[in-house]
Amino acid sequence: FWGPPGCGKTTIARLLADHTNLEFEQLSAIFSGVPDLRKAFDRAKDRRRIGKGTLLFVDEIHRFNRAQQDSFLPYMEDGTITLVGATTENPSFELNAAVLSRANVLTLNRLDEAAIDLLLKRAEDEMKRPLPLDADARAALVNMADGDGRTSLNLAEEVFASVDPAQAPLNRERLVKLVQRRAPLYDKSRDGHYNLISALHK
């Protein structure tokens with residue numbers, strides 16, 4: 001899965017495991033090394049012996065070096081694991097050709113305003129009360145999330161925790177003071193750089 005932060009890569013992988021009756025196992029390439037991979041492969045082999053499959057989800061898979069990426073190949077080929085990798089970087093440049101040739105690349109986009117609003121409604125259902133925001137402030141919060149579902153929920157959580165339900169709903173100005181504006185994603189050596197340049201040109 002190739003897409004920006006907060007677009008649902010991990011959630012989709014979990015749903016995929018549930019719907020295919022596979023054991024969901026998650027690793028982060030930032031915090032995992034060769035010993036962690038070996039242990040994950042061993043657990044998957046043990047499950048396979050009793051007829052249970054494994055969906056191995058690797059977050060930030062582009063952070064693994066070539067040798068680490070190559071270690072997936074035999075287990076992908078013999079069916080020990082179903083590998084689902086998540087990356088915010090272009091897989092064509094960041095992943096081994098051998099891994100890519102055995103995988104499908106699905107591109108995910110930032111969430112649109114309707115999807116962010118739906119997440120906020122679910123948060124309201126969970127909290128059993130509406131967000132204490134007027135219409136203008138609610139639109140501002142959706143805008144601050146910048147297509148990132150995780151950020152939208154973090155902002156909502158901050159508002160719920162900071163505003164007494166008995167208070168009048170926040171307007172845009174008070175909301176901005178409360179949460180501060182989220183800075184756009186920027187990394188001069190990665191895709192964010194080119195996306196920002198493209199946006200400025202447009």
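The structure displayed is predicted, hence computed values, not measured ones. (Residues numbered from 1 in each chain as written. Predicted model: local features only at pLDDT ≥ 70, side-chain atom pairs only at ≥ 80, totals over all residues. Heavy atoms only, no water.)

Counted according to the given criterion, the structure contains eleven salt bridges. Two residues, R172 and D136, come together in a salt bridge whose shortest N-O distance is 3.0 Å. In this pair, R172 is assigned in helix 10 (residues 172-179) and D136 in helix 8 (residues 135-145), connecting sequence segments 36 residues apart. Classification of R172 by relative accessible area gives partly exposed; the value is 38%. You can call D136 partly exposed: its relative accessible area is 40%. Salt bridges linked by common partners bring D117, K121, E124 and R138 together as one network. (Salt bridge = Lys/Arg side-chain N within 4 Å of Asp/Glu carboxyl O. Helix = DSSP H or I, 4+ residues; strand = E, 2+ residues; numbered from the N terminus. Buried < 20%, exposed > 50% of the residue type's maximum accessible area, 1.4 Å probe, protein only.)

Here we come to the environment of A103. Here A103 shows up in the loop between helix 6 (97-101) and helix 7 (113-127). When its relative accessible area of 35% is taken as the criterion, A103 is described as partly exposed. Along the primary structure A103 and T82 are separated by 21 residues, whereas in three dimensions their C-alpha atoms are 9.9 Å apart.

For the rest of this paragraph, the subject is the sheet that holds strand 1 (residues 23-28). Read across the open sheet, the three strands follow the order 1-2-3; overall the sheet is parallel. Bordering the open sheet on either side are strand 1 and strand 3 (81-86), each of which pairs with just one other strand. Neighbour-to-neighbour, the strand axes of the sheet open up by a mean angle of 20°, direction not taken into account. Relative to strand 2 (residues 54-59), strand 1 is paired through six bridges, and the arrangement is parallel. When the bridges of strand 2 are listed, Q26 appears paired with F57. (Pairing = 2+ DSSP bridges. Axes fitted to C-alpha atoms, helices over the stretch in contact; angles between N-to-C directions.)

Ranked by internal contacts, the top residues of the largest apolar core, which has 19 residues, are L120, L131, L133, L141, V159, L175 and V179. Only helix 7, helix 8, helix 9 (149-162) and helix 10 provide two or more residues apiece to this core. In terms of residue count, the dominant contributor to this core is helix 8 (six residues). Contact partners of L131, with chain neighbours within four places excluded, come to L120, E124, R138, A156, V159 and F160. The next biggest cluster of nonpolar side chains, apart from the first, holds 16 residues, and it includes L27, V58, Y75 and L83. (Core = buried A, V, L, I, M, F, W, Y, C linked by side-chain atoms within 4.5 Å. Contact = heavy atoms within 4.5 Å.)

Attention now goes to helix 9. Spanning 14 residues, helix 9 covers 20 Å between terminal C-alpha atoms, matching the ideal 20 Å at 1.5 Å per step. For helix 9, every residue scored as buried is listed here: G149, T151, S152, L155, A156, V159 and F160. Against the buried residues of helix 9 lie helix 7, helix 8 and helix 10. Two or three places before R150, at the opening of helix 9, D148 has a side-chain oxygen 2.9 Å from that residue's backbone nitrogen. (Expected span 1.5 Å × (residues − 1). Polar contact = N/O pair within 3.5 Å; in protein donor to acceptor, adjacent residues only side chain to side chain.)

With that settled, consider helix 7. Think of an α-helix as turning once every 3.6 residues; residues three or four places apart then point the same way. Compared with the 21 Å implied by 1.5 Å per residue over 15 residues, the 21 Å span of helix 7 between its first and last C-alpha is a close match. Here helix 7 has its buried residues at I116, L119, L120, A123 and E124. In a view along the axis of helix 7, the buried residues occupy a sector of 145°, so they form one face of it. The exposed residues of helix 7 that point more than 90 degrees off its buried face are A114, R122 and D125. Of the surrounding elements, those touching the buried residues of helix 7 are helix 8 and helix 9. (Arc of directions from axis to C-beta.)

Summarising the model, the protein chain shows a mean pLDDT of 89, and 89% of its residues fall at 70 or more. Note on residues 181-186: pLDDT is under 50 here. Beyond four places in sequence and across chains, it has twelve contacts. (pLDDT = per-residue confidence, 0-100.)

Our next topic: unusual backbone geometry. Note on backbone geometry: most residues besides glycine have negative phi, and most peptide bonds are trans. One non-glycine residue, E60, lies in the positive phi region at around 55°. Mapping E60 onto the fold places it in the loop between strand 2 and helix 3 (66-70). Classification of E60 as buried rests on a relative accessible area of 18%. Phi is positive for D146, which is not a glycine, with a value near 55°. On the secondary structure map, D146 appears in the loop between helix 8 and helix 9.

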